[in-house]
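# Remarks on the overall topology
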Amino acid sequence: MSHDWISAELGAFLDAEFSPDLSLVEWRRRLVSAGWAAPAWPAAYFGRDFSQAEALVVSQIFAERRIVGAAQVGPRRLAAETILAHGTPEQKQRYLPKILTGEHAWCQLFSEPGSGSDLAGASTRADRKTDHWLINGQKVWNTSAHHADFGILVARSNWDLPKHQGLSYFLIDMRQPGVEVRPLKQMNGHASFNEVFLTDARVPLDDLVGDEGQGWAVATTTLSIERQGFARGRSQGAPAAASAGRVYEELARELEIDNEPYTWYPQREGRPDLILQRAQETGAIENDAVRQEIAKLFCLTEAARISAGQVSAHQKSGGQGMLPAGSIGKLGASVIARKAAHVHTMISGASAMLSGPHSAVDGIIAETLISVPAISIAGGTDEIQRNIIAERVLGMPKEQRMDTGPFRDIPRNGH
Amino acid sequence: MQAVLSDDQVQFKQVVHRFFDTHSSTTAVRQLAETETGFDPLVWSQLSETLGLPGTHLSEQYGGHGFGPVELGIILEEMGRTLYCGPFFSSAVMAGYALELFADEAAKIQRLPQIADGSIRATLILDDLNQPSQVGRLIEANQVGALTGSAPIVLDGCSADVFIIVAREDSGLGLYALAANAQGVEVLAQESIDMTRKVARVSLHQSAGTRIGTVTQKALNRFWDLVSVALAHEMIGGAARLLDETVEYTKGRYQFGRPIGSFQALKHRCADLLMSLEFAKAATHHAGFCLAASDQETVYPSMAKAMAADCFMDMARAAIQLRGGIGFTWENDTHLWFKRAKCDEVLLGAPHRHRARMIDILQETQHVA
Ligand SMILES: Cc1cc2nc3c(=O)[nH]c(=O)nc-3n(C[C@H](O)[C@H](O)[C@H](O)COP(=O)(O)OP(=O)(O)OC[C@H]3O[C@@H](n4cnc5c(N)ncnc54)[C@H](O)[C@@H]3O)c2cc1C
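What counts as what
- Residues numbered from 1 in each chain as written.
- Chains lettered and ligands numbered in written order.
- Predicted model: local features only at pLDDT ≥ 70, side-chain atom pairs only at ≥ 80, totals over all residues.
- Heavy atoms only, no water.
- Buried < 20%, exposed > 50% of the residue type's maximum accessible area, 1.4 Å probe, protein only.
- Helix = DSSP H or I, 4+ residues; strand = E, 2+ residues; numbered from the N terminus.
- Arc of directions from axis to C-beta.
- Contact = heavy atoms within 4.5 Å.
- Buried area = accessible area lost by both parts, 1.4 Å probe.
- Salt bridge = Lys/Arg side-chain N within 4 Å of Asp/Glu carboxyl O.
- Polar contact = N/O pair within 3.5 Å; in protein donor to acceptor, adjacent residues only side chain to side chain.
- Domains from an automatic or database assignment.
- Near = heavy atom within 4 Å.
- Nonpolar A, V, L, I, M, F, W, Y, C, P; charged D, E, K, R; others polar.
- Core = buried A, V, L, I, M, F, W, Y, C linked by side-chain atoms within 4.5 Å.

### Description of helix α9 (residues 275-282) of chain A
Counting along an α-helix, one turn takes 3.6 residues, and residues three or four places apart therefore face a common direction. All names here are of chain A. Taken together, the buried positions of α9 are Ile275, Arg278 and Ala279. Taken around the axis of α9, the buried residues stretch over an arc of 100 degrees, which confines them to a single face. Opposite the packed face of α9, turned more than 90 degrees from it, sit the exposed residues Gln280 and Glu281. Just past α9, the residue Gly283 takes up positive phi, approximately 80 degrees.

### Notes on the interface of chain A and chain B
Opposite the 53 residues of chain A that make contact, chain B presents 42 residues. Buried area between chain A and chain B, summed over both chains or domains, comes out near 3,900 Å², and the portion from carbon and sulfur atoms is 65%. In this structure, the connection of chain A to chain B is made through two salt bridges. Its salt-bridge partner being Glu383(A), residue Arg269(B) comes within 3.5 Å of it at the nearest N-O pair. Taken together, the connections running from chain A to chain B amount to 21 residue pairs in polar contact (both at pLDDT 80 or more). At the level of secondary structure, the elements contributing two or more residues to the side of chain A that touches chain B comprise α10 (288-316), α11 (322-348), α12 (364-369) and α13 (382-393) of chain A.

### Considerations on the domain arrangement of chain B
Residue and element names in this part refer to chain B. Domain annotation of chain B identifies domain 1 (7-88 + 109-116), domain 2 (122-215) and domain 3 (218-368). The distance between the C-alpha centroids of domain 1 and domain 2 comes to 24 Å. Tallying the contact residues gives 15 residues for domain 1 and nine residues for domain 2. Between domain 1 and domain 2, a total of about 900 Å² is buried, with carbon and sulfur atoms accounting for 62% of that surface. On the domain 1 side of the contact with domain 2, Ala33, Thr37 and Arg111 bury the most area, a combined 46% of that side's loss. Across the contact surface, domain 1 and domain 2 share zero salt bridges.

### Regarding the site of the ligand
Lining the immediate environment of the ligand, one finds 30 residues, of which Ser117(A), Trp141(A), Thr381(A), Arg253(B) and Gly325(B) sit closest. Near the ligand, residues from chains A and B are present, making the site a shared one. Within the side chain of Glu383(A), a nitrogen or oxygen atom sits 2.7 Å from an oxygen atom of the ligand. Per-element accounting of the shell around the ligand gives the leading share, three residues, to α13(A). Split by residue class, the shell around the ligand holds twelve nonpolar, 14 polar and four charged.

### Thoughts on the environment of Pro41(B)
Residues and elements named next belong to chain B. Among the secondary structure elements, Pro41 is positioned in helix α3 (residues 41-50). Pro41 sits in the exposed class, given a relative accessible area of 54%. Pro41 sits 29 residues away from Val70 along the chain, and the two C-alpha atoms are 26 Å apart.

### Focus: the nonpolar core
Core analysis: the largest hydrophobic core is formed by 168 residues, its most contacted members being Trp27(A), Phe88(B), Phe89(B), Ile164(B) and Phe223(B). No other element matches helix α7 (residues 217-252) of chain B, which puts 15 residues into this core. If sequence neighbours within four positions are ignored, Trp27(A) has contacts with Phe13(A), Leu14(A), Glu17(A), Phe18(A), Leu22(A), Ile67(A), Val68(A) and Val247(A). Grouped together as the second largest cluster of nonpolar side chains are 18 residues, Cys107(A), Trp133(A), Ala155(A) and Leu198(A) included.

### Section: unusual backbone geometry
All names here are of chain A. Here Asp49, not a glycine, exhibits a phi torsion of approximately 60 degrees, which is positive. When you line up the elements, Asp49 lands in the loop between α2 (24-34) and α3 (52-64). On the basis of relative accessibility, which here comes to 53%, the residue Asp49 falls in the exposed class. One non-glycine residue, Asp362, adopts positive backbone phi at about 60 degrees.

Below is the structure:
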């Protein structure tokens with residue numbers, strides 16, 4: 001589809017349908033029915049079968065005309081893409097539209113106190129009853145679970161099979177008595193993740209994704225989408241800047257809630273974007289040692305950006321290798337964040353000690369220095385990314401496994 | 001020159017170790033971090049009166065115990081290990097050394113005994129904490145000793161009784177004393193990344209200071225070396241604690257059916273960290289021995305500060321990383337050391353400044369091979 005065609009088609013739709021006085025949900029429902037909310041999705045499911053490049057044209061037009069698009073923030077995308085890939089037609093019909101309209105917020109319920117890197121070691125129980133699944137256990141580090149209506153959940157439905165084969169993947173309603181969400185404070189003072197306690201929580205039989213026992217394969221899809229997100233950096237789906245009208249007011253309110261857990265996310269990436277200006281303003285740029293470090297950082301950020309562009313061009317042209325590209329990009333993001341924090345420290349000198357609103361860049365630099373440790377842990381640690389790269393990209397021999405037998409016999413924390 | 005601790009020094013270390021184990025638990029550290037002054041007066045008077053710690057490195061004729069940088073280092077290593085919260089570094093180390101090195105005889109006789117016995121808590125106001133050559137740019141003294149200007153970061157500025165101040169004069173730098181509650185003094189608490197060490201911004205507006213000494217560049221350099229090495233001891237103490245606890249953690253945490261410490265990636269990282277720690281310790285202890293042995297300027301103090309800072313930061317990063325998600329939480333204690341490491345890294349000069357200074361000294365003494 002040519003740019004002009006998209007532009008004419010979309011233009012006509014917007015002229016006819018968009019009004020700033022619509023409610024946010026009503027507007028997005030129109031977008032969804034016309035396939036403009038997620039044009040890269042299949043035409044059968046609320047999309048238009050567009051390529052990434054075509055979808056980009058659409059979002060550019062949205063931005064130019066200050067049109068509000070589909071809801072973006074948070075783990076919604078992880079849920080949506082996973083349901084698209086593995087869900088039943090009914091699940092797609094039931095869940096995808098409300099993800100796009102923003103009526104439902106989602107969270108990821110994967111990690112547990114006893115299984116983080118070893119996600120397949122999950123020990124939350126899923127017991128099949130006549131008309132539902134009964135879920136018992138504890139999840140942890142669940143970002144924005146405190147705002148979520150639904151969760152994507154990995155739980156163990158069989159304890160006698162080897163661990164990867166006993167997992168199932170569920171869509172769980174967070175607004176039920178058996179689900180308790182408790183916030184966890186982080187070292188940077190924010191509380192964007194939570195502990196989630198599941199006590200006789202229920203999941204309808206229909207909300208199993210994939211077959212029973214196929215949870216690991218489904219989770220792998222979610223994880224690779226998540227890693228790609230790290231490599232790309234966060235796109236907040238840049239909303240139309242404050243304009244007058246109901247739809248904008250409701251969007252502002254939605255973003256305030258949706259973005260709350262993520263205000264510090266740019267900081268965990270190290271804020272390399274602030275380096276050059278700060279180095280100039282403080283005069284640190286005159287120092288030879290600082291100059292060298294800035295140049296090294298620049299090499300990393302530029303190479304990561306160029307490489308990500310090449311990877312996505314390669315994928316568009318039908319090339320393979322989504323997973324390792326994600327891992328390399330994610331590892332790169334960690335290296336960049338650490339380096340940027342180091343350079344910010346050099347630039348600040350002793351004043352790097354200070355934090356709060358009266359310190360450098362309104363406290364943003366201090367927040368950066370105490371937030372970067374997250375990026376090499378969240379979404380799979382650096383060590384795990386290295387294992388993936390070594391084993392799946394380089395094809396190096398796997399470590400001898402010690403967790404191959406029936407799950408109930410595997411040594412784990414407290415057993 | 002000394003190469004290892006003497007028996008007496010080892011014994012002293014054990015006493016100090018026990019004291020801070022008892023009196024600076026992480027529970028206590030967390031409580032004090034939430035307070036404004038950031039220290040427990042009872043523990044302060046115990047460590048002053050029972051152990052006499054603040055006077056350790058100060059001369060006997062001024063009420064001190066006449067030991068030196070090595071014994072002081074022992075104390076700071078233990079303080080770093082337990083993240084002791086209190087005005088020891090600001091009063092005994094910074095103000096104490098400043099008086100020893102810069103003050104007139106009369107001022108030493110008058111002021112050092114109270115610092116040595118802990119009855120007065122002083123802090124040193126330096127308007128630059130990056131490098132000695134920059135000191136004196138912001139605070140100025142006029143002919144009659146009126147002080148004007150400000151220092152962005154003063155350790156324990158909110159709780160000190162007395163300010164010792166280095167200020168610019170017509171020619172060179174002078175040392176001044178000023179009561180914390182004197183007229184024209186404005187003290188503003190600042191938030192620090194490290195909640196376990198309180199800092200303030202101090203502004204002076206024509207405050208009437210008492211001139212108590214002259215600060216030569218040479219003496220200022222010597223001072224900088226002494227306090228940097230003291231701080232390096234704090235850093236290696238903190239780093240050693242982190243390594244111990246991190247290694248312990250990797251033995252008990254299971255993933256993939258085995259302790260995470262059995263993964264070679266983590267073993268190698270810990271082994272590298274131990275090497276880095278052993279080198280930083282060697283450099284720091286050696287710097288202490290050098291300072292104790294002679295007034296001669298050497299590369300070792302800056303080398304110690306740079307290596308200890310890099311080691312402590314690397315260690316702190318690894319301590320979080322090897323714990324995974326739990327390491328990033330507030331509830332877990334690791335971030336307390338991480339934040340101390342970040343602040344110690346830049347206090348008295350970030351590593352790149354100390355490395356630059358090493359090269360200057362090497363060139364001057366023509367030791368470049
Ligand atoms: C900010 C943040 C947000 C998060 N959001 C979410 C969320 O929304 N949903 C969710 O489910 N989870 C979330 N997580 C959890 C995250 O995915 C886990 O913390 C991470 O996977 C590590 O697991 P763990 O914490 O149990 O650490 P562990 O797995 O115990 O790891 C401890 C250490 O052992 C190392 N290690 C483990 N296995 C190996 C191996 N085979 N080889 C070498 N080293 C190894 C690790 O790399 C790490 O250094 C979040 C975490 C953070 C920090």
